[in-house]
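Residue strings, one per chain:
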Amino acid sequence: MSALKDRLRTDLTAAMKARDSLRSSTLRMILTAITNAEVAGKESRELTDDDIVGVLSTESKKRREAAVAFEDGNRPEQAAREREEAEVIADYLPQQLGPAEIAEIVSAALEQTGAAADGMKGMGKVMGVVQPQVKGRADGAAVAAEVRRQLNAG
């Protein structure tokens, strides 16, 4: 079993013993999402820590989007719950990159690929180099926005 999945299970047990309903329900939801990812496709497989980080990123993004939707729907208590769940998930994600770090990675990728001359047509090439470097550590939309900004500036 992966170390991250083992940590999630251990933390779930601790949260249940502490009667922390938010944390235990969130960890149950995460573990269910991981199990679903393991059995998806033609045959089941054990997820690696990197795969689990991908699942966690997806779940975190769902919580952020749901919080915005609940805010727009004038349901602040539900939005607050979604944000609290996102905070629990964030405890298991790698340290997130800041805007300056993302800009630095994108700049290096532009130099490496030489896509600056292609303009916006080079976006796919740059994203292909950047995505593996930032996986689980930065929101894809923020990375894409930075790539667009640098391609338009260059």
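Residues numbered from 1 in each chain as written. Predicted model: local features only at pLDDT ≥ 70, side-chain atom pairs only at ≥ 80, totals over all residues. Heavy atoms only, no water.

Draft legend 1. Layout of the packing of helix α3 (residues 49-72) against helix α4 (residues 76-90). At a minimum axis distance of 8 Å, the contact between α3 and α4 shows a crossing angle of 160 degrees. It follows from the interaxial angle that α3 and α4 lie roughly antiparallel. The handedness of the crossing between α3 and α4 is left-handed. Between α3 and α4, the contacting residues are Leu56, Glu59, Ser60, Arg63, Ala66, Ala67, Phe70 and Glu71 on the first element and Pro76, Gln78, Ala79, Glu82, Arg83, Glu85, Ala86 and Ile89 on the second. Taken together, the residues of the contact of α3 with α4 sort by class into eight nonpolar, two polar and six charged. (Axes fitted to C-alpha atoms, helices over the stretch in contact; angles between N-to-C directions. Helix = DSSP H or I, 4+ residues; strand = E, 2+ residues; numbered from the N terminus. Parallel < 35°, antiparallel > 145°, perpendicular 65-115°, else oblique. Left-handed = near helix turned anticlockwise from the far one by under 90°. Contact = heavy atoms within 4.5 Å. Nonpolar A, V, L, I, M, F, W, Y, C, P; charged D, E, K, R; others polar.)

Draft legend 2. Fine view of the layout of surface pockets. In this model, the largest pocket occupies a volume close to 350 Å³. Along the walls of the largest pocket sit 22 residues, with Ser57, Arg64, Gln96, Ala138 and Asp139 positioned nearest its centre. Every element with two or more residues in the lining of the largest pocket is listed here: α3, α4, α6 (123-134) and α7 (140-153). Here the element with the most residues in the lining of the largest pocket is α3; it accounts for seven residues. Split by residue class, the lining of the largest pocket holds eight nonpolar, nine polar and five charged. (1 Å grid on protein atoms, 1.4 Å probe; cavity = no way out; pocket = protein on both sides within 12 Å on 5 of 7 lines; lining within 4 Å. Points joined across faces, edges and corners; volume = space filled by probe spheres on them.)

Draft legend 3. Highlighting the side chain of glutamate 82. Looking at where glutamate 82 falls in the secondary structure, it is placed in helix α4. If we skip the residues at most four places from it in the chain, glutamate 82 touches Arg63, Ala66, Ala67 and Phe70.

Draft legend 4. Expanded view of the side chain of arginine 63. One can find arginine 63 in helix α3. With residues up to four places along the chain from it excluded, the contact list for arginine 63 reads Met29, Glu82, Glu85, Ala86 and Ile89.

Draft legend 5. View of the environment of alanine 3. Mapped onto the elements of the fold, alanine 3 is located in helix α1 (residues 3-17). Judged by its relative accessible area of 56%, alanine 3 falls in the exposed class. Placed 104 residues apart in sequence, alanine 3 and serine 107 show a C-alpha to C-alpha distance of 33 Å. (Buried < 20%, exposed > 50% of the residue type's maximum accessible area, 1.4 Å probe, protein only.)

Scope: geometric values only; no functional claims are made or implied.
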